[in-house]
Each structure stands twice: as C-alpha cells, then as structure tokens.
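As a plain string of letters, each chain reads:
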Amino acid sequence: MTEPLLDVRDLRVEYKALRGSVRAVNDVSFQIMPGEVYGLAGESGCGKSTIALSILRVLNPPAVITGGQVLFKGRDVLDMNDDQLEQFRWSEVAMVFQSAMNSLNPVMRIGDQIADAIQAHERVSDKDAEERSVELLKVVGIDPNRRRAYPHELSGGMRQRAVIAIALSLNPPMLIMDEPTTALDVVVQQEIMMQLRELKEQFGFSVLFITHDLSLLVEFSDRIGIMYAGDIVEEAPSSQLFDDPQHPYTWGLMHSFPLVHGPRMALTGIPGSPPDLLSPPPGCRFAPRCSLVMPQCSTSRPLLTPTGNRRNVACYLHEQGRPVTISPLMESRGTVTV
Amino acid sequence: MTEQSHAADPPILEVRDLQKFFPVGTMFARRNLRALHHVSFTLRRGKVLALVGESGSGKSTAARCVARLIEPSAGQILFKGKDMLAEERRGASLQYRGDVQMIFQDPFGSLNPVKSIAHHLARPLRIHKKSSGTKETAERVDQLLESVGLAPARQFSDKYPYELSGGQRQRVSFARALAVEPEVVLADEPISMLDVSIRMGILNLMERLKDEHGIAYLYITHDLASARYFADETIVMYAGQIVEGAASEELIQHPAHPYTQRLLDAVPDPKAEHGFKQGAGGWQPPILVDPPPGCPFADRCPHAMPVCREIMPGRTTLNAVHWVRCHLHGSGESSPGLSEPNLPLSA
Ligand SMILES: Nc1ncnc2c1ncn2[C@@H]1O[C@H](COP(=O)(O)OP(=O)(O)OP(=O)(O)O)[C@@H](O)[C@H]1O
Ligand SMILES: Nc1ncnc2c1ncn2[C@@H]1O[C@H](COP(=O)(O)OP(=O)(O)OP(=O)(O)O)[C@@H](O)[C@H]1O
Ligand SMILES: [Mg+2]
Ligand SMILES: [Mg+2]
C-alpha cells in the first residue's frame with residue numbers, strides 16, 4: 001500500500017485561557033493519500049481551522065499544540081526546526097486561509113501578487129510570470145484585463161478567487177483549502193472546483209478541503225471526516241456518507257440543510273448546541289444532544305473504530321466491523337422540526 | 001407565505017434606476033467599470049427580498065449604495081417615500097445610518113481586531129442611544145449575543161475577534177446590526193460561513209425579528225436553498241443588471257432566464273451521483289469595462305440569438321409573481337430604464 005502523504009496522529013491543540021484551557025482539537029487522527037481529496041466538515045467552532053493551522057504550524061498564542069504528530073512524507077512537522085519548517089511551508093503545502101478574502105496585500109495589484117508568488121518559487125522572467133498570472137486568473141474566472149486592479153476594487157468572491165489563484169501558482173504536493181468558496185455563487189464554485197479537479201489530475205496533488213457545505217463536500221471529496229467539538233466522529237468514502245451515515249451527528253447534519261432540488265420539506269435540525277469547550281461533557285461530547293443516547297455514552301468516550309468498507313465511526317451503537325443502519329432509528333426518534 | 005399578495009405591505013425602501021460606475025485603468029487611459037446598470041427593487045416591511053447572482057455581479061455594490069457607504073452615479077433611493085440622495089445630499093444622517101443597517105460580507109475584515117466583542121456591540125448602542133448606563137448596556141450586549149446563539153454570553157463578550165471562529169464572527173456582525181433596532185437590514189452573505197444548524201438558527205432569528213418588528217431585509221446570498229426557504233421574493237443579478245424576479249418558490253420551480261437556470265443547475269446535489277456534473281463549459285466572465293450592447297449573458301447562453309447581442313430586453317411579465325428580461329420570453333413591455341417594483345402585482 002502507498003504511504004499517506006499526510007498522517008495526523010492524535011493531534012491535540014489547546015487554547016489557554018484565563019478560566020482554563022479549551023481543548024479545541026481532541027486527539028484527532030486522519031490520513032491523506034497522495035492525490036486524495038480529504039474533506040473535513042462539522043459545525044462552526046468544532047476545530048476545523050485549528051487543525052489546518054496546526055498542520056502548517058501557524059497557530060498563534062494562546063493556541064498550543066500539546067500532543068500528537070503531524071507526519072508529512074513521514075517527517076514530523078511538529079519536530080522541525082525553523083529552517084526545516086520554512087522549507088516545508090515553502091515547497092510542500094499551499095494554503096487558502098478562511099480569511100482569504102482579506103489576506104491579499106492591499107497596496108499591490110492582484111496580477112503582480114500572483115506573479116510575485118510565482119517568482120518567489122521559481123526563476124522565471126517577468127514576462128513569463130505575467131503570462132502565467134493571466135492564465136491563473138482565467139482558471140479562477142477573473143477577466144485578465146482586470147489584473148491591474150487592487151484588492152479593494154474587487155468583489156468579495158473575486159478576492160477569494162485571486163487567493164486561490166496564488167495558491168495554485170505554487171503547485172505544491174498538498175493544498176489546504178479552508179472554506180475556499182464561501183463567497184462564490186454556485187456556478188463559479190462549480191467551474192472552480194472542476195478546474196481544480198483537472199489540475200489535480202494533471203499534477204497529482206492532495207487536497208485537505210474544509211467546508212461546512214456538505215453537498216459540496218460530498219461532490220468534491222474522495223473521503224470525508226465529520227468533526228464534532230474537537231473530535232472526528234465519523235470517516236467514510238464520500239459516496240457512502242450521505243446514503244448511510246453511521247453517527248447520529250452526521251445523520252443530523254445531513255437532515256438539517258435546506259435543499260434546492262426536490263419538494264420543499266420541513267427541515268429537521270439537531271436539537272441543542274455544541275458544548276462549552278471549557279467544560280465538555282464527559283464521555284461522548286455529542287451525548288447531550290443525541291436522540292439515541294445510551295447510559296455508557298455519558299461516562300466513557302467512544303473511539304474511532306473501523307466498521308468495514310473503509311469506514312470509521314466513534315459511536316457505541318456500532319461494534320467493530322459490525323455497523324448498524326441508524327437512519328430508521330433516527331427517523332423514529334424525537335427530532336425537532338424547524 | 002410566498003403566494004400571498006404583497007400589495008398590502010407598504011414599501012419602506014425603494015431603489016430606482018440605480019447606476020454605479022467605477023473609474024478603472026491608468027491615469028492616462030481612464031475607463032469606466034459599469035457595476036450597476038438601472039437597478040430597481042423594493043423592500044417592504046416584514047418582508048425578505050433575496051438578491052442572488054454571480055460573484056462580481058454588483059450585489060455588494062448595490063447594498064453599499066443603499067447604505068450610503070458609497071455614492072451611486074445616478075438613481076434614486078426612496079426611504080419611506082423620501083428621496084434620500086436629494087434630502088441628505090452630503091451623506092446619510094445618523095438617523096438613516098441607524099435605521100438602515102448593513103451586515104458586511106467579510107466577517108474577518110469588518111470587526112476591529114483590537115476591540116473586544118462587547119465593545120463592538122456597546123458602541124452602536126451608545127451612539128444611537130439605545131441604552132443608557134453601563135449596566136443596562138452590558139445586559140443588552142449579553143442579550144444580543146445570546147440571541148445569535150453565542151451563549152453563554154459571558155464566554156464571548158470579553159473575547160477579541162481573533163479568538164472567534166469564522167462563523168462566530170459572522171454572528172457578532174449580525175448582533176451588531178440588530179443592536180440599534182433597525183428598520184431595514186442589508187445582509188450581505190450573513191451566513192456564508194455558518195454550518196446548517198446555526199444557519200437555520202440565524203435565519204429563524206431573522207424571521208422572528210421580521211415578524212415581531214417588521215424589519216425589511218435585503219438578503220444577499222449564494223445559497224439558493226436558503227433564499228427558497230427564507231425569502232418572499234428573489235431577484236437575480238447578472239453583470240450589474242437584474243435579469244429576473246419572482247416569488248422565491250416560483251423562481252426555484254420555474255426559472256425562466258438561462259442564467260437562473262444555469263445557477264440552479266450548478267447547486268451541488270448530495271443525492272446525485274458522486275462527482276461534479278459537467279458544467280455548461282463556458283467560463284467567460286462578463287465584460288464590465290466598456291461593456292458591449294445587448295444581454296451580458298449572451299456569450300455564455302446556450303440559446304443566444306443575434307438580437308441578444310444587440311439589445312438588452314426589458315421586463316416581460318410571465319405571471320402575477322414572475323418576470324424576466326430575456327428575448328426567449330419576449331422583448332419586454334417596458335424599456336430597461338423604467339423603475340418597477342419587484343413583482344408585477346405588488347405596485
Ligand atoms: N485564539 C483563540 N483563543 C481562544 N479560543 C479560540 C481561539 N481561536 C479559536 N478558538 C476556539 O477554538 C474553537 C475552534 O475554532 P476553529 O476556528 O478551529 O473552528 P472552525 O471549525 O474552523 O469553525 P468555523 O467553521 O466557524 O470557521 C472555537 O470554539 C473557537 O472559539
Ligand atoms: N472600488 C472599486 N473600484 C473598481 N471596481 C470596483 C470597486 N468596487 C467594486 N468594483 C467592481 O464592481 C463589480 C461588482 O462588485 P461587487 O462587490 O458589487 O460584486 P458582488 O456581486 O458583491 O460579488 P461577490 O459575490 O463576489 O461578493 C466587480 O467587478 C468589482 O470588481
Ligand atoms: Mg474555521
Ligand atoms: Mg459581494
């Protein structure tokens with residue numbers, strides 16, 4: 001079997017606050033294979049961006065990585081010294097930050113920013129760099145005639161696309177994209193995702209794709225991890241996740257979003273809200289909101305366990321290798337309709 | 001909800017023939033970017049008007065003109081019947097800036113990094129005199145935070161923006177807009193970074209405030225599903241022009257403009273086969289700088305006819321709750337410049 005490109009093991013990240021520490025990432029493990037698109041989803045505040053920032057080690061205090069390993073091509077990023085880290089960030093990963101829209105240099109024209117990124121990595125002439133920046137602007141659907149525009153002269157979505165163009169210009173083995181399309185309409189989003197797919201097939205890079213948009217995630221990812229309050233609670237090939245969610249939280253997520261296609265239906269939501277991470281519930285962090293909760297869920301924490309078919313779930317409803325179909329159970333239980 | 005007649009709801013804010021040009025190019029070769037071209041719409045008390053459209057089509061520009069953050073090149077903004085651009089020529093009054101609130105698209109850029117969350121909410125309360133005294137202000141701040149799901153409020157009020165996740169920041173922006181009890185809320189992608197469960201919480205909150213206080217919303221969104229569930233009417237913008245308008249469910253069921261059809265087609269469908277549907281293939285951003293005549297979508301339109309590259313049609317009424325500007329449906333009963341309400345019957 002091929003080695004994973006990225007192997008995150010038992011990653012633990014804490015935000016040290018005055019009133020105690022918040023464990024925003026709670027011993028998370030996952031792997032991304034070369035050429036694979038791994039999607040990460042979960043409610044706002046569950047720790048998705050924190051994971052992305054940890055991989056690059058660009059977390060700011062009071063965030064501290066307090067445990068685990070981030071193995072990239074077998075080397076632990078958490079052990080790298082400054083030079084190695086610099087080299088790693090430079091040549092191995094490119095990241096589109098969640099705040100992309102405002103991460104451009106405000107006083108530099110966008111075409112120049114892309115050309116600069118290219119020239120910082122490769123020796124190419126100004127003319128070639130400009131030509132490539134024009135190509136990249138086309139990839140993200142910005143009229144190349146606007147390459148002399150400053151960031152404030154672009155719409156929110158155009159700024160977001162300019163940042164995607166910069167990340168693509170670096171052509172690294174791994175691309176991390178944190179909510180890269182929040183400011184894009186679905187047509188532009190679809191075009192960009194198709195372009196990305198093509199580039200990915202051409203160059204073979206891997207993608208860590210973070211979004212709360214499950215429909216998009218299912219279409220674009222090969223495998224998906226669902227996070228809840230700092231834990232990955234379910235992992236599955238994306239083709240299986242929607243039809244057969246195994247974690248009650250995943251089920252809830254899938255049934256709480258309004259669809260454009262099909263008849264207008266009442267929506268089911270997940271009752272309650274995510275836990276206060278300062279004092280998370282003992283046991284399964286989802287237990288207080290779970291309609292299938294059992295006594296043991298409130299006392300001990302279920303671990304991510306293989307249930308067959310390349311799937312993993314952290315839930316006591318399932319036994320190792322023996323998944324249960326939860327949809328009928330969920331449907332018969334009290335769910336709220338909003 | 002969408003089917004009922006809107007005739008009874010008085011317009012609170014009317015936008016008529018709004019135009020906006022931005023100068024672009026170099027000092028020696030000045031050119032104009034046409035960001036808004038004869039944009040008209042009406043906001044009504046207790047109603048939600050969704051504005052959807054392509055990235056870069058002018059949605060934020062329209063909202064920023066209405067909020068008087070930038071000045072339109074031409075057109076009228078009627079607030080409660082008063083022509084604001086004429087009455088408050090030198091910029092909006094404090095009153096208007098309180099009555100018409102904007103929620104910005106970018107939750108990372110719109111909060112001050114060195115001020116606490118409580119400060120962001122207390123400041124508008126004080127400026128617009130919505131609370132007096134430190135204690136009352138603090139209580140109101142807590143209430144606002146909890147109303148957008150940032151509970152317990154104490155856990156958030158002393159934090160700084162960088163300590164919050166993207167979705168949490170978006171909710172702070174929302175609470176800030178609500179702080180001053182506005183009559184009109186211009187919400188520019190207020191939930192783009194929220195996951196579905198919180199998204200529904202915010203939409204429900206917006207709906208409650210709409211019903212309780214009669215707030216009128218302009219809801220700019222890329223999420224057609226939420227427009228379907230939440231907005232009474234939806235208008236579709238392409239390259240600075242509004243090309244279609246209808247009751248929201250009608251628009252989803254019977255999109256008439258080829259751009260709207262393309263938009264609905266591109267919505268990811270988790271129940272469909274895994275992998276992306278093939279797009280229409282045309283990946284041609286519209287030309288906004290010195291735009292050619294005719295319909296801006298013609299270059300990407302699978303049904304384009306010669307006339308489409310010459311004349312932009314006016315509005316054609318399809319039924320009581322639906323109109324479109326497309327030659328496939330007629331050349332329009334009115335010239336594109338004429339101002340009209342969102343729906344044919346709502347006048
Ligand atoms: N600097 C910080 N100090 C304290 N807590 C923080 C800090 N940054 C993030 N957090 C907390 O850590 C948790 C995880 O945040 P993170 O940004 O990783 O969430 P996320 O899953 O990316 O959410 P979103 O979808 O809203 O972007 C949140 O509850 C957040 O409040
Ligand atoms: N200050 C400015 N100078 C020049 N052009 C501008 C300026 N502000 C906006 N534009 C241009 O006007 C057009 C409309 O921008 P606007 O921000 O209104 O789009 P939008 O519909 O909100 O897009 P998005 O969905 O991506 O946020 C874009 O082409 C943008 O580049
Ligand atoms: Mg995030
Ligand atoms: Mg915008």
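Residues numbered from 1 in each chain as written. Chains lettered and ligands numbered in written order. Predicted model: local features only at pLDDT ≥ 70, side-chain atom pairs only at ≥ 80, totals over all residues. Heavy atoms only, no water.

So, about the environment of S57 of chain B. All names here are of chain B. By secondary structure assignment, the location of S57 is in the loop between β3 (48-53) and α1 (59-66). On a C-alpha basis, the gap between S57 and I242 in space is 9.5 Å, while along the polypeptide they are 185 residues apart. Setting aside residues up to four positions removed in sequence, S57 forms contacts with A35, M237, Y238, A239 and G240. (Helix = DSSP H or I, 4+ residues; strand = E, 2+ residues; numbered from the N terminus. Contact = heavy atoms within 4.5 Å.)

It is worth spelling out the interface of chain B and chain A at this point. Counting residues at the interface gives 55 residues for chain B and 62 residues for chain A. Between chain B and chain A, the buried area comes to about 5,500 Å², and carbon and sulfur atoms account for 60% of it. If you look at where chain B meets chain A, you find one salt bridge. Of the charged contacts, one joins R262 of chain B and E191 of chain A as a salt bridge, the two residues approaching to 3.0 Å between their closest N and O atoms. Scanning the region where chain B abuts chain A turns up eight residue pairs in polar contact (both at pLDDT 80 or more). Per element, the largest residue contribution to the side of chain B that touches chain A is six residues, and it comes from helix α8 (residues 196-213) of chain B. (Buried area = accessible area lost by both parts, 1.4 Å probe. Salt bridge = Lys/Arg side-chain N within 4 Å of Asp/Glu carboxyl O. Polar contact = N/O pair within 3.5 Å; in protein donor to acceptor, adjacent residues only side chain to side chain.)

Moving on, we get to the layout of surface pockets. Within this model, the second largest pocket holds a volume of roughly 880 Å³. Around the second largest pocket sit 43 residues that line it, and H152, L154, S155 and R159 of chain A together with R64 of chain B are the ones nearest its centre. For the lining of the second largest pocket, the residue count by class is 19 nonpolar, 16 polar and eight charged. (1 Å grid on protein atoms, 1.4 Å probe; cavity = no way out; pocket = protein on both sides within 12 Å on 5 of 7 lines; lining within 4 Å. Points joined across faces, edges and corners; volume = space filled by probe spheres on them. Nonpolar A, V, L, I, M, F, W, Y, C, P; charged D, E, K, R; others polar.)

Residues and elements named next belong to chain A. Of the two faces of strand β6 (residues 93-96), the one holding V93 and M95 and the one holding A94 and V96 are both buried throughout. Here β6 pairs with strand β7 (residues 174-178) via four bridges, running parallel. Directly across from V93, in β7, lies its bridge partner M174. (Buried < 20%, exposed > 50% of the residue type's maximum accessible area, 1.4 Å probe, protein only. Pairing = 2+ DSSP bridges.)

All names here are of chain A. Around the magnesium ion (ligand 3), the protein contributes the donor atoms S49 (OG) and Q98 (OE1), at 1.9 to 2.2 Å from the metal centre. With S49 in helix α1 (residues 48-56) and Q98 in the loop between β6 and α3 (110-121), this pair connects stretches of sequence that are 49 residues apart. Looking at S49, the relative accessible area reads 22%, which means it is partly exposed. Overall, the relative accessible area of 11% leaves Q98 in the buried class. (Donors = N, O, S within 2.8 Å, 3.2 Å for Na, K, Ca; no water.)

With respect to spatial proximity, 24 residues lie near ligand 2, and among them R146, E153 and S155 of chain A together with S55 and T61 of chain B are the closest. Nearby residues place ligand 2 at the junction of chains A and B. Between ligand 2 and G58 of chain B, the relevant distance is 2.9 Å, taken from an oxygen atom to a main-chain nitrogen or oxygen of the residue. In the environment of ligand 2, an oxygen atom lies 2.8 Å from a nitrogen or oxygen atom belonging to the side chain of Q105 of chain B. (Near = heavy atom within 4 Å.)

Pairing between sheet strands relies on hydrogen bonds along the backbone, with the strands arranged either parallel or antiparallel. All names here are of chain B. Strand order in this open sheet of four strands is β2-β1-β4-β5, and the pairing throughout is antiparallel. Whereas interior strands pair on both sides, the edge strands pair on one side only; in this sheet they are β2 (30-44) and β5 (82-83). Of the strand pairs in this sheet, strand β4 (residues 74-79) and β5 are connected by two bridges, and their pairing is antiparallel. When the sheet's bridge partners are listed, F79 is paired in β5 with K82. In the packing of α1 onto the sheet, the strands contacted are β1 (11-25), β2 and β4, and the crossing angle to β1 comes to about 120 degrees. (Axes fitted to C-alpha atoms, helices over the stretch in contact; angles between N-to-C directions.)

What follows concerns the domain arrangement of chain A. Residue and element names in this part refer to chain A. Partitioning chain A into structural domains gives domain 1 (6-221) and domain 2 (255-333). In this structure, domain 1 and domain 2 have C-alpha centres spaced 29 Å apart. Contacts between the two partners involve 13 residues from domain 1, matched on the other side by eight residues from domain 2. For the interface between domain 1 and domain 2, the tally reads two salt bridges. (Domains from an automatic or database assignment.)

What follows is about the coordination of the magnesium ion (ligand 4). Residues and elements named next belong to chain B. Protein-derived ligands of the magnesium ion (ligand 4) are S60 (OG) and Q105 (OE1), with the metal-ligand distances lying across 1.9 to 2.4 Å. Within this pair, whereas S60 is found in helix α1, its partner Q105 is found in the loop between β6 (100-103) and α4 (117-127), the two being separated by 45 residues in sequence. The class of S60 is buried, set by a relative accessible area of 18%. Taking relative accessible area as the criterion, Q105 reaches 13% and is therefore assigned buried.

All names here are of chain A. The biggest cluster of nonpolar side chains holds 67 residues, and the ones touching the most others in it are L168, L175, L196, V207, F209, I226 and Y249. If one sorts the elements of this core by residue count, helix α5 (residues 156-169) sits on top with eight residues. Apart from the residues lying within four places of it in its own chain, the contact partners of F209 are V37, Y38, G39, L40, M177, P180, M193, L216, L217, F220 and S221. (Core = buried A, V, L, I, M, F, W, Y, C linked by side-chain atoms within 4.5 Å.)

With that settled, the discussion passes to the packing of aromatic side chains. Here the distance between the centres and the angle between the planes together describe a pair of aromatic rings. Evaluated as defined, the whole model comprises 13 aromatic pairs over all chains. With 5.4 Å between their ring centres and 85 degrees between their planes, F79 of chain B and Y96 of chain B make a pair best called edge-to-face. On the criterion of sequence distance, the pair formed by F79 of chain B in strand β4 and Y96 of chain B in helix α3 (residues 94-99) is long-range, its members being 17 residues apart. On the basis of an interplanar angle of 80 degrees and a centroid distance of 5.1 Å, the ring pair of Y238 of chain B and F297 of chain B is categorised as edge-to-face. With a gap of 59 residues between them, Y238 of chain B in strand β9 (residues 233-238) and F297 of chain B in the loop between α11 (258-265) and β11 (316-319) connect regions that are remote in the sequence. Three or more aromatic residues joined by ring pairs make a cluster, and in this case those are Y228, Y249 and F286 of chain A. Directly above the aromatic system of F156 of chain B lies the positively charged group of K159 of chain B, at a separation of 5.4 Å from the ring centroid. The ring centre of W323 of chain B lies 3.7 Å from the NZ or CZ of R315 of chain B, which sits over that ring. (Phe/Tyr/Trp six-rings, centres within 6.5 Å; stacked < 30°, edge-to-face > 60°. Lys NZ or Arg CZ within 6 Å of the ring centre and 35° of its normal.)

Attention now goes to the site of ligand 1. Close to ligand 1 lie 17 residues; S44, G45, S49 and T50 of chain A together with S165 of chain B are nearest. With respect to ligand 1, its neighbouring residues span chains A and B. Taking Y15 of chain A, its side chain carries an N or O atom lying 3.3 Å from a nitrogen atom of ligand 1. Taking K48 of chain A, its side chain carries an N or O atom lying 2.8 Å from an oxygen atom of ligand 1. Every element with two or more residues in the shell around ligand 1 is listed here: α1 of chain A together with α7 (166-179) of chain B. Residues belonging to the shell around ligand 1 are distributed by class as follows: five nonpolar, 10 polar and two charged.

If you walk through the whole model with that rule in mind, you get seven cavities of 30 Å³ or more. In this model, the largest cavity occupies a volume close to 460 Å³. Lining the largest cavity are 31 residues, and of these H212 and D213 of chain A together with R199, H222 and D223 of chain B sit closest to its centre. Listed by contribution, the elements that provide at least two residues to the lining of the largest cavity are α6 (186-203) and α7 (214-220) of chain A together with α8 and α9 (224-230) of chain B. Sort the elements by how many residues they give to the lining of the largest cavity and α7 of chain A lands first, with three residues. Residues of the lining of the largest cavity, tallied by class, amount to 15 nonpolar, 10 polar and six charged. Both of domain 1 (6-221) and domain 2 (255-333) of chain A provide at least three residues apiece to the lining of the largest cavity. Taken together, 19 residues form the lining of the second largest cavity, with G141 and M158 of chain A together with S55, P285 and P286 of chain B sitting closest to its centre. Taken together, the residues that form the lining of the second largest cavity break down as nine nonpolar, five polar and five charged.

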